[in-house]
Amino acid sequence: MSTHAPKHISSTQGLGLNTTKTMKFLSDNLGIGTEVWNELEEPWQEGDVVIAEPGYKWVTKWETGKPYIINKFHNASGQLVGVYCDVARPIRLTKDGFEFDDLYLDVWQIPGKDPIILDEDELEAALEAGYISADEAAEARRIALFLVKELQNNKDFLIF
């Protein structure tokens, strides 16, 4: 596995590559981004679940100051196939949308199943390489655990 500095991600570039992107601002600090997938060489998967192929839609909640974003993945029929939360340095507002620096950990949940934390190995490698501090790694773990609890216990967490 190659270690890298935290990836910079913006709402204007989107999370996907070949997608049609839109952003709806609900307030000065809150936006809902939508990406509809166009042609792909092959479907994207998270484990055994297809999360992107033509017609799939990703809906992302961007909120200034939150240390995460929430992505809901829908298949071409509109059915929710998964929820993916990126743990991040706090979301920042830009002139065109939002941005963040990814802190490696992600939380993945398939509908009807318990959420799981992904990429602990990436976090450890980044810590060892000096890309993040021990305090920042501990905070990323705390945020991931918070997201797991919210996904398990708070039905309103995914309403957007």
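Structure report, in brief. Remember, it's a predicted structure, so these values are computed and weren't measured experimentally.

1. Quick look at the overall build of the protein
Then, in step 1: The number of helices and strands found in the protein is 2 helices and 11 strands.
Then, in step 2: Shown N-terminal to C-terminal, the secondary structure of the protein runs as helices and strands in the order β-β-β-β-β-β-β-β-β-β-β-α-α.
Then, in step 3: On C-alpha atoms alone, the protein measures out to a radius of gyration of 15 Å, which is about the 15 Å that the 2.2 N^0.38 rule sets for 160 residues.
Then, in step 4: With the C-alpha coordinates aligned to their principal axes, the bounding extent of the protein is approximately 40 × 35 × 35 Å.
Then, in step 5: Here the protein holds 160 residues, and 44% of them are scored as buried.
Then, in step 6: Put simply, of all contacts in the protein between residues at least 6 apart along the chain, 45% involve residues at least 24 apart.
Then, in step 7: If you sum the accessible surface of the protein, you get close to 8,600 Å²; carbon and sulfur atoms cover 49% of it.
Then, in step 8: For the protein, the distance from the average site of its 15 positive side-chain charges to the average site of its 27 negative ones is 8 Å.

2. Regarding unusual backbone geometry
Then, in step 1: With a phi angle near 75 degrees, Y104 is a residue other than glycine that sits in the positive phi range.
Then, in step 2: Its location among the elements puts Y104 in strand β10 (residues 98–109).
Then, in step 3: For Y104, a relative accessible area of 2% corresponds to the buried category.
Then, in step 4: Of note, the phi angle at D119 is positive, near 70 degrees, even though the residue is not glycine.
Then, in step 5: Considering the arrangement of structural elements, one finds D119 in the loop between β11 (116–118) and α1 (120–129).

3. Considerations on helix α2 (residues 134–153)
Then, in step 1: For α2, which comprises 20 residues, the first-to-last C-alpha distance of 29 Å matches the rise-based estimate of 28 Å (1.5 Å per residue) to within 8%.
Then, in step 2: Those residues of α2 that fall on the buried side of the exposure criterion are E136, A137, A140, I143, A144, L147, V148, E150 and L151. Along the axis of α2, the buried residues cluster in a sector spanning 165 degrees; they form a single face. Of the residues in α2, the exposed ones pointing more than 90 degrees away from the buried face are A134, D135, L145, K149 and N153.
Then, in step 3: Along its buried surface, α2 packs onto β7 (68–74), β8 (80–88), β10, β11 and α1.

Criteria and cut-off values
- Residues numbered from 1 in each chain as written.
- Predicted model: local features only at pLDDT ≥ 70, side-chain atom pairs only at ≥ 80, totals over all residues.
- Heavy atoms only, no water.
- Helix = DSSP H or I, 4+ residues; strand = E, 2+ residues; numbered from the N terminus.
- Rg over C-alpha atoms; globule rule 2.2 N^0.38 Å.
- Buried < 20%, exposed > 50% of the residue type's maximum accessible area, 1.4 Å probe, protein only.
- Contact = heavy atoms within 4.5 Å.
- Areas by Shrake-Rupley, 256 points an atom, 1.4 Å probe, with all protein chains shown as cover.
- Lys, Arg positive; Asp, Glu negative; His and termini not counted.
- Charge placed at Lys NZ, Arg CZ, Asp CG, Glu CD.
- Expected span 1.5 Å × (residues − 1).
- Arc of directions from axis to C-beta.

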